[in-house]
Amino acid sequence: MQTQLSYFNDTYKFNDPTMIVTTNKDDSGHSIILNQTLFYPQGGGQPSDQGTIQVGDILIPIHSVKCVDQEIRHYTDQSYSHLSGQTGMCILNPSLRLLHARLH
């Protein structure tokens, strides 16, 4: 499944609907794969976005985002496998996004 890269559409958009497709765990920790994402992954000298994914009353902290094996992985603090298939909202840290945009 290819994640739609919504972050290319508008640098100044800080939240966008999404769906959790699946979860994963690798050497970097627990991660979430989304059907579409506003989170810019680390790469090309630019650090990744940070923020949260909100699913109902649950706020999932996203501390880094990486492209691994052609997947955009949103790294978090624990497994959220029970939320696979659920819709939610990508919510970026706006001050961090704007800082990275100015520096890059």
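Use the structure listed above.
First, a word on scope: everything that follows refers to the structure included in this document. (Residues numbered from 1 in each chain as written. Predicted model: local features only at pLDDT ≥ 70, side-chain atom pairs only at ≥ 80, totals over all residues. Heavy atoms only, no water.)

### A word on the sheet that holds strand β5 (residues 51-55)
In step 1: The strand order β6-β5-β9-β2-β3-β8-β7 describes an open sheet built from seven strands, whose pairing is antiparallel. The sheet is open, and its two borders are formed by β6 (58-62) and β7 (64-68), each paired with just one other strand. Direction aside, neighbouring strands of the sheet carry axes that sit 40 degrees apart on average.
In step 2: Pairing analysis gives five bridges linking strand β2 (residues 15-26) to strand β9 (residues 87-92), with the strands arranged antiparallel. Residue pairing in the sheet places Asn15 in a bridge with Ile91 of β9. (Pairing = 2+ DSSP bridges. Helix = DSSP H or I, 4+ residues; strand = E, 2+ residues; numbered from the N terminus. Axes fitted to C-alpha atoms, helices over the stretch in contact; angles between N-to-C directions.)

### A look at the nonpolar core
In step 1: Grouped together as the largest cluster of nonpolar side chains are 15 residues, with contacts concentrated most on Ile20, Ile32, Phe39, Ile53 and Ile60.
In step 2: At the level of secondary structure, the elements contributing two or more residues to this core comprise β3 (29-34), β5, β6 and β9.
In step 3: Beyond its immediate sequence surroundings of up to four residues, Phe39 is in contact with Tyr7, Asp49, Gln50, Gly51, Thr52, Ile53, Ile62, Val65, His74, Cys90, Ile91 and Leu92. (Core = buried A, V, L, I, M, F, W, Y, C linked by side-chain atoms within 4.5 Å. Buried < 20%, exposed > 50% of the residue type's maximum accessible area, 1.4 Å probe, protein only. Contact = heavy atoms within 4.5 Å.)

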